[in-house]
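Tertiary structure, described
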Amino acid sequence: MNLRFLQKELIQLKREARLKGGFYVNPEPKMLFIIRIRGINAMDPKSKKILQLLRLRQIFNGVFLKVNKATLNMLHRVEPYVTYGYPNLKSVKELIYKRGYGKLNKQRIPLTDNSVVEQALGKHGIICVEDLIHEILTAGPHFKEANNFLWPFKLKAPLGGLKKKRNHYVEGGDAGNREDYINELIRRMN
Amino acid sequence: MSYKFHQFQVVGRALPTESDEHPKIYRMKLWATNEVRAKSKFWYYLRKLKKVKKSNGQMLAINEIFEKNPTTIKNYGIWLRYQSRTGYHNMYKEYRDTTLNGSIEQMYTEMASRHRVRHHCIQVIKTATIPAKLCKRESTKQFHNSKIKFPLVFKKVRPPTRKLKTTYKASRPNLFV
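The sections below set out a description of the structure shown in this document. Model, not experiment: these values are computed from the prediction.

Per the secondary structure count, chain B includes three helices and six strands. Going from N to C terminus, chain B has its helices and strands arranged as β-β-α-β-β-β-α-β-α. Taken along the three principal axes of its C-alpha coordinates, chain B extends 70 × 45 × 40 Å. When the 177 residues of chain B are sorted by exposure, 33% land in the buried category. For chain B, the accessible surface area stands at approximately 13,100 Å², while carbon and sulfur atoms represent 53% of it. Once the 38 positive and 11 negative side-chain charges of chain B are each reduced to a mean point, those two points are 9 Å apart.

Moving on, we come to the interface of chain A and chain B. Counting residues at the interface gives ten residues for chain A and eleven residues for chain B. Summed over both partners, the interface of chain A with chain B comes to about 920 Å²; 61% of that surface belongs to carbon and sulfur atoms. For Lys39 of chain B, the salt bridge goes to Glu179 of chain A, with nearest N and O atoms at 3.0 Å. At the boundary of chain A with chain B, the tally comes to three residue pairs in polar contact (both at pLDDT 80 or more).

Bringing the sheet that holds strand S2 (residues 25–32) of chain B into the picture now. Residues and elements named next belong to chain B. The three strands are arranged S2-S1-S3 in an open sheet whose pairing can be described as antiparallel. At either margin of the open sheet sits one strand with a lone partner, and together these are S2 and strand S3 (57–65). Between one strand and the next, the sheet's axes are offset by a mean angle of 25°, whatever the strand orientation. Judged from the eight bridges that link them, strand S1 (residues 6–14) and S3 form a sheet pairing that is antiparallel. In the sheet register, Phe8 faces S3, and the bridge partner there is Glu64. The strands touched by helix H1 (residues 35–49) within the sheet are S1, S2 and S3, with S2 carrying the most contacts at an inclination of about 125°.

This paragraph deals with a positive patch on the surface. Together, Lys163 of chain A together with Lys4, Arg162, Lys163 and Lys165 of chain B give the surface a local cluster of positive charge. Residue position: Lys165 of chain B is located in the segment after helix H3 (138–141). Judged by relative accessible area, Lys165 of chain B falls into the exposed class, the value being 59%.

What follows concerns helix H2 (residues 100–115) of chain B. All names here are of chain B. Across its 16 residues, H2 extends 22 Å between first and last C-alpha, which sits within 8% of the 22 Å expected from 1.5 Å per residue. Among the structural elements, S1, S2, strand S4 (74–83), strand S5 (88–97) and strand S6 (122–130) are those in contact with the buried residues of H2. Arg116 lies just past H2 and shows a positive phi near 55°.

Residues Phe64, Ile96, Leu132 and Ile136 of chain A are the most contacted members of the largest nonpolar core, which totals 33 residues. Sorting the residues of this core by element identifies strand S1 (31–36), helix H4 (89–99), helix H5 (114–121), helix H6 (129–137), helix H7 (143–149) and helix H8 (182–189) of chain A as the ones contributing at least two each. Setting aside its immediate chain neighbours within four residues, Leu132 of chain A contacts Ile96, Leu111, Val117, Leu121, Ile126, Ala146, Phe149 and Leu150 of chain A. Membership of the second largest hydrophobic core comes to 16 residues, among which are Trp31, Ile78, Met111 and Val117 of chain B.

On to the sheet that holds S5 of chain B. All names here are of chain B. Strand order in the open sheet made by the three strands is S5-S4-S6, with antiparallel pairing throughout. Both edges of this open sheet fall to S5 and S6, since each of them pairs with a single strand only. Within this sheet the neighbouring strands show an average axis-to-axis angle of 20°, counted without direction.

The subject of this paragraph is the side chain of Asn183 of chain A. Residues and elements named next belong to chain A. Residue placement: Asn183 occurs in helix H8. Within the local environment of Asn183, its side chain forms a polar contact with the backbone nitrogen of Asn88, the two atoms lying 2.9 Å apart. Within polar-contact distance, the side chain of Asn183 engages the backbone oxygen of Asp180 at 3.1 Å. Setting aside residues up to four positions removed in sequence, Asn183 forms contacts with Tyr86, Pro87, Asn88 and Ser91.

Residue and element names in this part refer to chain A. Two elements in contact, H4 and H6, have axes separated by 10 Å at closest approach and are oriented at 135°. The angle between H4 and H6 falls in the class oblique. At the point where H4 passes H6, the crossing takes the right-handed sense. Only Val129, Glu130, Leu132, Ile133, Ile136 and Leu137 of H6 make contact with H4, whose side of the interface consists of Leu89, Val92, Lys93, Ile96 and Tyr97. Here the contact of H4 with H6 is composed, by residue class, of nine nonpolar, no polar and two charged.

We now examine the pattern of salt bridges. Residues and elements named next belong to chain A. Applying the stated rule across the entire model yields ten salt bridges over all chains. Across the salt bridge formed by Glu94 and Arg187, the nearest N and O atoms sit 4.0 Å from each other. With Glu94 in helix H4 and Arg187 in helix H8, this residue pair connects regions lying 93 residues apart in the sequence. Of the residues examined, Glu94 reaches a relative accessible area of 28% and is grouped as partly exposed. Within this structure, Lys90, Glu94 and Arg187 form a network of salt bridges that share partners.

Judged by side-chain polarity, Phe143, Ile148, Phe150, Leu152 and Val177 of chain B come together as a nonpolar surface patch covering roughly 460 Å² of accessible area. Along the polypeptide, Val177 of chain B turns up in the segment after H3.

Rules and cut-offs
- Residues numbered from 1 in each chain as written.
- Chains lettered and ligands numbered in written order.
- Predicted model: local features only at pLDDT ≥ 70, side-chain atom pairs only at ≥ 80, totals over all residues.
- Heavy atoms only, no water.
- Helix = DSSP H or I, 4+ residues; strand = E, 2+ residues; numbered from the N terminus.
- Buried < 20%, exposed > 50% of the residue type's maximum accessible area, 1.4 Å probe, protein only.
- Areas by Shrake-Rupley, 256 points an atom, 1.4 Å probe, with all protein chains shown as cover.
- Lys, Arg positive; Asp, Glu negative; His and termini not counted.
- Charge placed at Lys NZ, Arg CZ, Asp CG, Glu CD.
- Contact = heavy atoms within 4.5 Å.
- Buried area = accessible area lost by both parts, 1.4 Å probe.
- Salt bridge = Lys/Arg side-chain N within 4 Å of Asp/Glu carboxyl O.
- Polar contact = N/O pair within 3.5 Å; in protein donor to acceptor, adjacent residues only side chain to side chain.
- Pairing = 2+ DSSP bridges.
- Axes fitted to C-alpha atoms, helices over the stretch in contact; angles between N-to-C directions.
- Patch = residues over 30% accessible without salt bridge, like charges linked within 9 Å, V, L, I, M, F, W, Y side chains within 5 Å.
- Expected span 1.5 Å × (residues − 1).
- Core = buried A, V, L, I, M, F, W, Y, C linked by side-chain atoms within 4.5 Å.
- Parallel < 35°, antiparallel > 145°, perpendicular 65-115°, else oblique.
- Left-handed = near helix turned anticlockwise from the far one by under 90°.
- Nonpolar A, V, L, I, M, F, W, Y, C, P; charged D, E, K, R; others polar.

Written out as structure tokens, the structure reads:
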């Protein structure tokens, strides 16, 4: 994958900028992975609706999400109920291979064969699970269709536990944006 | 020796607007357990000092700062501002440690134990390495003796991190020093 090339390029650009005494700002990540960490009781109606729209109807459900102003504002509203971050290639691969199910005819079909993917997303040029992973990871032109094809991931409760659901990650808890540390959480929840 | 607190250099600025094409760039050195928390702390302090928030600002760089000489013992002086039950106070504390991160960790644990001040109520104003003759506290000055001698009666056996603490162990600990 050209991921390794992109990483090397990033380091090169950073070094170049530092030489000239400037800064190279990383491009903001284009997609993230959200996990719902609170249950369904005692929720205010607006947040409940937003979580429904994000397809997070159950505790420890996870979905991928494209990053834009609209979705960021939605996330901001439901921050105390979810944790999210930027998954890496390993996380995306593990999630899709182990807990990937597709939506075919409104049914939750396991991704046992590439034909399942081809049937649903063939017309967008995604014919196998690897194509699907690439589309999700790089937030390609058909991210919406690919993401919608994926049923929300039903993850298990994290081994080793959560720190403190009621607080934001920054305060020592779990909610909100934890950027790259979501990968460590996904390892424990997959 | 893994330290809980790491020192980060965080650089950020307000987003450029039509009225201000090149906003001033601010740099801060602060202590946090990881990068995500360091970034949040940066915006917290910057909000208090300048009229800029995370929503109208951008992070330019975040780098971890490592100790230059972790094998030499130094006397660290730490100036801090903390919130007690009745108000805010300034404090100056001295620690003898090999690294700055180690002394900061000592400071946080000491403030928690002696003054019941939790980590989020402490703001580190300044840190410095103090040469031996300028040290003010007796507890650090008592070690400024090149021919120092004191007996270690027994060795307290502790696991390196609290995660590895168990109630039962396979063999008796060896307390001999």
